[in-house]
Amino acid sequence: MFESVLDCIKKFDTIIIHRHSRPDGDALGSQIGLKHIILENFPEKKVYTVGDDSKFFTFMADSTMDNIADSVYNGALAILLDSAAHYLISDERYSLAEKTARIDHHIYCETFTDIEVVDSSYESCCGLITAFAVECGLKINKTAATALYTGMLTDSGRFRYDSTTARTFRLASALMEAEIDTNELFRNLYADDFENKKLKAKFTLKIQFTPKNVAYIYTTREEIEELGADTFSISRGMVGTMADIKGVDIWVNFTETDDGVLCELRSSRYNINPIAVKYGGGGHQKASGASVPDRETAMAMLRDLDELQGEQ
């Protein structure tokens, strides 16, 4: 499955790695992990990571993105990670590269690179990158292993979601051979300061329910400004406050921005991906996202989720 990607990496002297915007642990982990796998095994190559920054994952080694000129793309290979659609990619200059490749684990939406490795059976893109290294006999150093393990943790819900398989644990075990400091990693990932605990308490009190018991939170731009929080902390950070409520199988977090409403859809039982796709988004069967233009559209999505809940 990975031969064509490996051949391209061997061929090109300059490799630029992209991933989706507003990066989560899996996007950054796969990006950093692949960079250091390439450098470990092909030290003569120039490898860059590009895209918008993430405030939450600054603890990850080498998480600062490279600032490169357009000319660097001349004769280069661009590898796109953890993205189901072209418009999700952070830094659209990938199209300037001589060759493009994609490695992704989301449900297939479109083809937009020269080489496509898409397998939605993996719990994370980091899992795919790990499989690439293992199957191709590539060395994984500690920096790469820690980054990849971080993404596997976050996208599998600490190996809890049902996308986790025996293969997930085999690949995680391969990463652990690099002697990852899991205590330090978990402290960085899951230790909360008191202010964030209070913020989660406020959002727990904001939870509402549809007639068929879909849980949802809607946060306006004015509320975000009053809270002094960033969009990522609200949109991705607060959707989990609705998880594990008895009788709730579908939940969604709506967050207003200057460009529209971010929608984070989750389910413990049902495939909510088609609804995300209907509204221009995508992702996985039980964890998807979309961005809609206004509150009215967000409420239409909520009615669709309520209807899905009622059909089951």
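Here is what the cut-offs are and how they apply
Residues numbered from 1 in each chain as written. Predicted model: local features only at pLDDT ≥ 70, side-chain atom pairs only at ≥ 80, totals over all residues. Heavy atoms only, no water. Helix = DSSP H or I, 4+ residues; strand = E, 2+ residues; numbered from the N terminus. Buried < 20%, exposed > 50% of the residue type's maximum accessible area, 1.4 Å probe, protein only. Contact = heavy atoms within 4.5 Å. Salt bridge = Lys/Arg side-chain N within 4 Å of Asp/Glu carboxyl O. Core = buried A, V, L, I, M, F, W, Y, C linked by side-chain atoms within 4.5 Å.

Attention now goes to the environment of Leu148. Within the secondary structure, Leu148 sits in helix H4 (residues 142–155). What makes Leu148 buried here is its relative accessible area of 0%. When residues no more than four places from it in sequence are discounted, the contact partners of Leu148 are Gly29, Ser30, Gly33, Ile37, Cys126, Ile129, Thr130 and Leu175.

So, about the environment of Met1. For Met1, the position within the fold is in the segment before helix H1 (3–11). For Met1, a relative accessible area of 44% gives the class partly exposed. Setting aside residues no more than four positions away along its own chain, Met1 makes contact with Val117, Asp119, Tyr122 and Leu128.

What follows is about the pattern of salt bridges. Counting across every chain of the model gives 20 salt bridges. We note a salt bridge from Asp52 to Arg19, for which the minimum N-O separation is 2.8 Å. Note that Asp52 is positioned in the loop between strand S2 (46–49) and strand S3 (77–81) and Arg19 in strand S1 (residues 14–19), a separation of 33 residues in sequence. Linking Arg160 and Asp244 is a salt bridge whose minimum nitrogen-to-oxygen distance equals 2.4 Å.

The next thing to look at is the nonpolar core. Grouped together as the largest cluster of nonpolar side chains are 49 residues, with contacts concentrated most on Ile9, Leu34, Ile38, Leu81, Ile129, Phe132 and Tyr149. Apart from the residues within four sequence positions on either side, Phe132 is in contact with Phe2, Val5, Leu6, Ile9, Leu34 and Leu138. With 23 residues, the next largest nonpolar core counts Tyr216, Val252, Cys263 and Tyr270 among its residues.

The quantities given are spatial measurements derived from coordinates; they are silent on function.
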